[in-house]
Protein chains: 2
Amino acid sequence: MRDLSVKTDSKIVLLVIDGLGGLPMNPSGQTELEAAGTPNLDALAALSDLGLSRPVAAGVSPGSGPGHLALFGYAPLRYVVGRGVLSALGVGFELGEDDLAARINFATRDENGRISDRRAGRISNEEAAPLVDLLNENIDLDGVETFVTHEKEHRAVAVFRGAGLSGALSDTDPQRTGLEPLQVRPTEDSPEAEKSAALANAFVEQAEEILEDRYPANTVLLRGFGMYPALPSFEEVYELDAAAIASYPMYKGLARLAGMELLQEGEGIAGVFQTLKDSWDAHDFFFLHIKPSDAAGEDGDFERKSGVIEEVDAQIPGVLDLAPGALAITGDHATPAKLESHSWHGVPFMLHSPYTLPTAESFGERSCAGGTLGVFAAEEIMGLLMGHALKLNRYGA
Amino acid sequence: MRDLSVKTDSKIVLLVIDGLGGLPMNPSGQTELEAAGTPNLDALAALSDLGLSRPVAAGVSPGSGPGHLALFGYAPLRYVVGRGVLSALGVGFELGEDDLAARINFATRDENGRISDRRAGRISNEEAAPLVDLLNENIDLDGVETFVTHEKEHRAVAVFRGAGLSGALSDTDPQRTGLEPLQVRPTEDSPEAEKSAALANAFVEQAEEILEDRYPANTVLLRGFGMYPALPSFEEVYELDAAAIASYPMYKGLARLAGMELLQEGEGIAGVFQTLKDSWDAHDFFFLHIKPSDAAGEDGDFERKSGVIEEVDAQIPGVLDLAPGALAITGDHATPAKLESHSWHGVPFMLHSPYTLPTAESFGERSCAGGTLGVFAAEEIMGLLMGHALKLNRYGA
């Protein structure tokens, strides 16, 4: 892709309606997208290539990290981003290239040194926040800066900043109660991993001293170690000056991993599209992220999810007025209200450009299933967008 | 595949209508194939498996080389054939196994030694031909034979023949004017690459002496070095005695890479099919190549492309009279008249045998999109043909 990409004047828009894919509540019913009143999306589908995209692998429900990495063209089984890194991105921590991140659970250790509660009684945000402050003020590790950021309830994130660190480390979480916490061990044979394991163990030791009187949150478990991943940027791979319009820290962080510039978005869904208009001349690729559809699906609220989709539908004419060279509308995964969670189902996908072969008059899971793109891997979407925007040279003579 | 293939009496025909895939000129219209009057192809589609084949990768428009390698079952991203080799095949040069090929551009070098025109003013065929003769007569390299063949205007091909050569070489083309040409350097650490780089640099040095007074064509740029690729032959992989009926040098050359015998074809499209009939008893696999459909697409001539397809349609009953065990009809890539070039779009594919599951009454991009084969990689076509011709043993007990 890197060898074929060329810079042109045409612009690409990737509109991600988070958790777009859905299911009927009853087998004979419609999905959230099918049930939504979407005159603009339907009219656009009749001018677009359609297909169902698969984020990761058959039957596998992706998290937001792998789901978006696939949309950005990074094979999600190859570009593995540690959970610690995703948590740091999720809390809006500005990770740097030398940073090692890990997830923290506040936990309870009994008088025998064994873990009696891996979540410290799921302490509240109000109880956890001062503990995070205590750690930040008192942890003192040799040669690295340490940052602890609260996530939610018993969960927080630790970031170690310094030269020569490695994420090749095992977790301390013994995975069940009644066992002693584990030492962090290097999982590869390198001085960086040795050094990082020692730092992580020192962190736990100091944290236990600091939290000694804070029962039930008298210890921390560390897991999901990972370095800031060095992903090839959109500029390098596609020669695109890419920008992201997203309101949640996780998606901003993922976009930043791909080298996208973060644009300040306005209020709500309309604000996302207003920012697109305002920034149109400044970039040649735009990633737009719409979150409330996923949240509605997670809540099992079929109607609300359809409503979010309708709200997006109303913005489509404004996008078309900008005349993008290629416009893709899809999700990062399905979040069927019926399942109240992310799922493995195919995600409706449409791509509009002057060079399409339309097959249906509506945008929905089942109209997409009959499209000319078939069922395809989400990591192919960037190639399709680049091709349709006429930004790829021919391969071979 | 090699382990499963068995020799049987059944015969396979792979009919390639070059650039078959197309697009509607207007979003609501039909493609070239859909618009063509094709009663015979439509009737055959109603007895065939249908699908859309993808030549290389999502969004990527293939050249003829990768497009045909995929059809012949060679993964086009794995079996990379150098551009020099493709050019040599294209001019009908009979490449041998020890041959190293490169593309030549006649170019202009100014008094400071910098390239002032990478194409020597796009000199005409009439101007270039005697320069090619001069090089052929006067180049004298130690231990190799050198052949220069004219391609078109400022373009030619160099072939170095001798033992112990390598194509792991960098180009001399600095890619823009105002720079000095580059030295050829080995891109791998091997004596073959060292030796070949020295030969290529000596070639340029001698060429500059020979062309000294031939301004604007006073130097040559070399690029796209590659050795004759050692592809496993159809005989080895499929136990097929394969023959090619093609009129253009490029396709003859690609067929020869796969070990196919080249058959002399008669005049025009009818001639291709007459040759098939005449040679039917002598081989068990036939690759038929129809070129004018691609040329019409490249010219942006929708009607003419449909006309070529209609001409092929008229020949289908004659092919069916021969009763092939398996017959595939497809293209090597799409060449939509709308784009006036090769494109990345899915290519209509039909496979007729006694063992099919038909899904439509017509042959077109959109009827193929709904077929039982779905959207699939072109490199899978040979497996499908072998299976349908009952030439593959079961895999595993």
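Each value, and the rule that gives it
- Residues numbered from 1 in each chain as written.
- Chains lettered and ligands numbered in written order.
- Predicted model: local features only at pLDDT ≥ 70, side-chain atom pairs only at ≥ 80, totals over all residues.
- Heavy atoms only, no water.
- Least-squares fit on C-alpha atoms with pLDDT ≥ 70 in both.
- Axes fitted to C-alpha atoms, helices over the stretch in contact; angles between N-to-C directions.
- Helix = DSSP H or I, 4+ residues; strand = E, 2+ residues; numbered from the N terminus.
- Parallel < 35°, antiparallel > 145°, perpendicular 65-115°, else oblique.
- Left-handed = near helix turned anticlockwise from the far one by under 90°.
- Contact = heavy atoms within 4.5 Å.
- pLDDT = per-residue confidence, 0-100.
- Polar contact = N/O pair within 3.5 Å; in protein donor to acceptor, adjacent residues only side chain to side chain.
- Buried area = accessible area lost by both parts, 1.4 Å probe.
- Salt bridge = Lys/Arg side-chain N within 4 Å of Asp/Glu carboxyl O.
- Nonpolar A, V, L, I, M, F, W, Y, C, P; charged D, E, K, R; others polar.
- Pairing = 2+ DSSP bridges.
- Buried < 20%, exposed > 50% of the residue type's maximum accessible area, 1.4 Å probe, protein only.

1. As for the relation of the copies chain A and chain B
Argument step 1. With an RMSD of 0.2 Å, the fit of chain A onto chain B corresponds to turning through 124° and sliding 0.0 Å along the axis. Such a combination of rotation and displacement between the chain copies is what one expects of a three-fold axis.

2. Remarks on the packing of helix 3 (residues 64–71) of chain B against helix 8 (residues 249–257) of chain B
Residue and element names in this part refer to chain B.
Argument step 1. Two elements in contact, helix 3 and helix 8, have axes separated by 10 Å at closest approach and are oriented at 40°. By the angle class used here, helix 3 and helix 8 are oblique. The way helix 3 lies across helix 8 gives a crossing that is right-handed. Residue-level contacts link S64, G65, H68 and L69 of helix 3 to M250, Y251 and L254 of helix 8.

3. Describing the confidence of the model for chain A
Argument step 1. Confidence along chain A averages 95 in pLDDT terms, with 100% of residues attaining 70 or more.
Argument step 2. Across the interface, the model reports ipTM at 0.88; the global pTM reads 0.89.

4. Structural notes on the environment of E127 of chain A
Residue and element names in this part refer to chain A.
Argument step 1. Inspection of the secondary structure puts E127 in helix 5 (residues 125–138).
Argument step 2. For the pair E127 and H154, spaced 27 residues apart in the sequence, the C-alpha separation amounts to 8.9 Å.
Argument step 3. Side-chain polar atoms of E127 contact the backbone nitrogen of S124, separated by 2.8 Å.

5. Considering the interface of chain A and chain B
Argument step 1. Contact residues are listed per partner, giving 26 residues for chain A and 34 residues for chain B.
Argument step 2. For the pair chain A and chain B, the summed buried area comes to about 2200 Å², and 64% of that belongs to carbon and sulfur atoms.
Argument step 3. Our count for the contact surface shared by chain A and chain B stands at two salt bridges.
Argument step 4. Its salt-bridge partner being E298 of chain B, residue R394 of chain A comes within 3.7 Å of it at the nearest N-O pair.
Argument step 5. In terms of residues, the side of chain A that touches chain B owes the most to one element, helix 14 (residues 381–388) of chain A, which gives four residues.
Argument step 6. When its residues are assigned to classes, the side of chain A that touches chain B shows 13 nonpolar, ten polar and three charged.

6. Digging into the sheet that holds strand 8 (residues 242–245) of chain A
Hydrogen bonds along the backbone pair up the strands of a sheet, which may run parallel or antiparallel.
All names here are of chain A.
Argument step 1. Taken together, the eight strands give an open sheet; going across it, the order is 9-8-10-1-11-12-2-13, and neighbouring strands pair in mixed fashion. Pairing within the sheet leaves two strands with one partner each, and these edge strands are strand 9 (261–262) and strand 13 (375–377).
Argument step 2. Two elements, strand 8 and strand 10 (residues 285–290), share four bridges in a ladder whose sense is parallel. By the bridge assignment for strand 10, A242 is matched with F285.

7. A short note on the environment of L339 of chain B
Argument step 1. Considering the arrangement of structural elements, one finds L339 of chain B in the loop between strand 11 (326–330) and strand 12 (347–352).
Argument step 2. Placed 45 residues apart in sequence, L339 of chain B and L384 of chain B show a C-alpha to C-alpha distance of 30 Å.
Argument step 3. Sequence-distant contacts of L339 of chain B, defined by excluding residues within four places in its chain, comprise Y355 and L390 of chain A together with L23, W344 and H345 of chain B.

8. Some remarks on the pairing of strand 6 (residues 155–161) of chain A
Residues and elements named next belong to chain A.
Argument step 1. Burial runs high along strand 6: five of the seven residues are buried.
Argument step 2. With seven bridges joining them, strand 3 (residues 99–109) and strand 6 adopt antiparallel strand pairing. Directly across from A101, in strand 6, lies its bridge partner V159.
Argument step 3. Pairing of strand 5 (residues 145–152) with strand 6, which is carried by seven bridges, proceeds in the antiparallel orientation. When the sheet's bridge partners are listed, V148 is paired in strand 6 with A158.
Argument step 4. Counted along the chain from strand 5 to the antiparallel partner strand 6, the turn is two residues long, and its residue E153 has a positive phi close to 45°.

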